[in-house]
Amino acid sequence: MSKVLFAPSLMCMDFLRMREQLEVLNRRADLLHVDIMDGHFCKNITLSPDMIRTFAKVATVPMDVHFMTTNPSDWLEVCAQAGAKVLSPHAETINVDAFRTMNLIEKLGCKPGLTLNPATPVDTVRHYIERVHILTIMTVDVGFAGQPFIEQMLGKIEEAAELKARKGYQYLIQIDGSCNERTYKRLVDAGAEVLIVGTSGLFNLHPDLDTAYDMMLAAFAKATAK
């Protein structure tokens, strides 16, 4: 299999050490994951376009922005202008105008992403999935870090991987939720290609982020024998 990529979740950073931690991630991460929550689609409010603009002053790694928002079209342009490279709305919020949304994302100079809630089937997006650069499969319900892994999502990951292979699609299969030493092997075996790492997978492993990153990679190698 090809190399598994890691996308640290910036909402889990130590914001008192933001520049220091972003400089570590510039050297080590494959993507940076940015959560935008509006307090309506899910009961939390996290990062913002202004934070993306601040991150962009330091970050050299591409930012994938995940819109947990009721109306993602309200956020796409401002986040693209702030420095996002991948824009990932939820299928549940764009299926009424999915093709228009994909067109807008590309017009803004970004790559289209797409996110599926745990209860949303892959088949729901089959008519436009070929447009997607990163397909994010939620393995927890949206809203908060540190939730338990939903085992049933392994079958959905396998389904997305099978569809990709059968149709020759190019999307990366990204996993959001409880990516850590307890789940690495099952996720990779199911077909995961990008792992979003947050509190349990990275940031809580050690106060020094370089050390934490080494610990994360060692845990991944041990769990997957990769």
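Coordinates for the structure precede this section.
Residues numbered from 1 in each chain as written. Predicted model: local features only at pLDDT ≥ 70, side-chain atom pairs only at ≥ 80, totals over all residues. Heavy atoms only, no water.

1. Section: the side chain of aspartate 38
This is how the line gets drawn: The way it works is that DSSP assigns letters per residue, a run of H or I at least four long becomes a helix, a run of E at least two long becomes a strand, and they are numbered from the N terminus. Contacts: residue pairs with any heavy atoms within 4.5 Å of one another.
Structurally, aspartate 38 is set in the loop between strand E2 (32–37) and helix H2 (49–56). Not counting chain neighbours up to four residues away, the residues in contact with aspartate 38 comprise Asn44, Ile45, Met68, Thr69, Thr70 and Trp75.

2. Remarks on the pattern of salt bridges
The criterion, for reference: Here, a salt bridge means any Lys or Arg side-chain nitrogen found within 4 Å of an Asp or Glu carboxyl oxygen. The rule is simple: take the accessible area with a 1.4 Å probe, protein chains only, and divide by the maximum for that residue type; under 20% is buried, over 50% is exposed, in between is partly exposed.
By the definition in use, this model includes 14 salt bridges. Among the salt bridges present, the one from arginine 17 reaches glutamate 20, with a minimum N-O distance of 2.7 Å. A salt bridge links aspartate 210 to arginine 27; the nearest nitrogen and oxygen atoms lie 2.6 Å apart. Separated by 183 residues along the polypeptide, aspartate 210 in helix H9 (residues 209–224) and arginine 27 in helix H1 (residues 18–28) bring together distant segments of the chain. With relative accessibility at 22%, the residue aspartate 210 sits in the partly exposed group. On the basis of relative accessibility, which here comes to 57%, the residue arginine 27 falls in the exposed class. Counted as one network, the salt bridges with shared partners bring together Arg27, Arg28, Asp210 and Asp214.

3. Here we look at the environment of leucine 108
Inspection of the secondary structure assignment puts leucine 108 in the loop between helix H5 (98–107) and strand E5 (111–116). Residue leucine 108 is classed as partly exposed on the basis of its relative accessible area of 25%. Residues within four places of leucine 108 in sequence aside, it is in contact with Leu76, Glu77, Ala80 and Leu87.

4. Quick look at H1
Quick note on the threshold: The directions from the helix axis to the C-beta atoms form the arc being described.
The complete set of buried residues in H1 reads Met18, Gln21, Leu22, Val24 and Leu25. Down the axis of H1, the smallest arc covering the buried residues is 155°, so these residues share one side. Set apart from the buried face of H1 by more than 90 degrees, the exposed residues are Arg19 and Arg27.

5. What about unusual backbone geometry?
A positive phi is found at serine 178, a non-glycine position, where the angle reads about 55°. By the secondary structure assignment, serine 178 is in the loop between strand E7 (172–176) and helix H7 (184–190).

6. Focus: the pairing of E5
Here is the rule: Between any two strands, pairing holds if DSSP finds at least two bridges.
Of all 6 residues that make up E5, 5 are buried, and the element is covered over most of its length. Bridge count for strand E4 (residues 86–89) against E5 is 2 bridges, and the pairing is parallel. Bridge pairing links valine 86 to lysine 111 in E5. As paired elements, E5 and strand E6 (residues 134–138) share 4 bridges and run parallel to each other. Its bridge partner lying in E6, glycine 113 is registered against isoleucine 134.

7. Quick word on the state of the cysteines
To keep it simple, the criterion reads: We call a pair of cysteine sulfur atoms a disulfide when they lie within 2.5 Å.
This model, assessed by the stated rule, comprises 0 disulfides. Of the cysteine sulfurs around cysteine 79, a residue in no disulfide, the closest is that of cysteine 110, at 9.2 Å. Cysteine cysteine 179 remains unbridged, with the sulfur of cysteine 12 as its closest cysteine sulfur at 11 Å.

8. Structural notes on the sheet that holds E2
Stated formally: To obtain each axis, a line is fitted to C-alpha atoms, and for helices this fit is confined to the stretch in contact; angles are then taken between N-to-C directions over 0 to 180 degrees.
Spatially, the 8 strands line up as an open sheet ordered E1-E8-E7-E6-E5-E4-E3-E2, and their pairing is parallel. The open sheet has two edge strands, strand E1 (5–8) and E2, and neither has a second partner. Shown here is a sheet whose adjacent strand axes are inclined to one another by a mean of 25°, direction ignored. Pairing analysis gives 5 bridges linking E6 to E7, with the strands arranged parallel. Its bridge partner being in E7, methionine 138 is matched across the sheet by aspartate 176.

9. Side note on the pairing of E2
Rule in force here: For a crossover, the right-handed case is the one in which the path from the first strand over the helix to the second runs clockwise, viewed with the strands pointing away from the viewer.
With 6 of its 6 residues buried, E2 lies for the most part within the structure. Covered by surrounding structure in E2 are Leu32, Val34 and Ile36 together with His33, Asp35 and Met37, the residues of both alternating faces. As judged from the 6 bridges shared by E2 and strand E3 (residues 63–68), these two strands associate in the parallel manner. When the bridges of E3 are listed, isoleucine 36 appears paired with phenylalanine 67. Read from E2 through H2 to E3, the crossover connection turns out right-handed.

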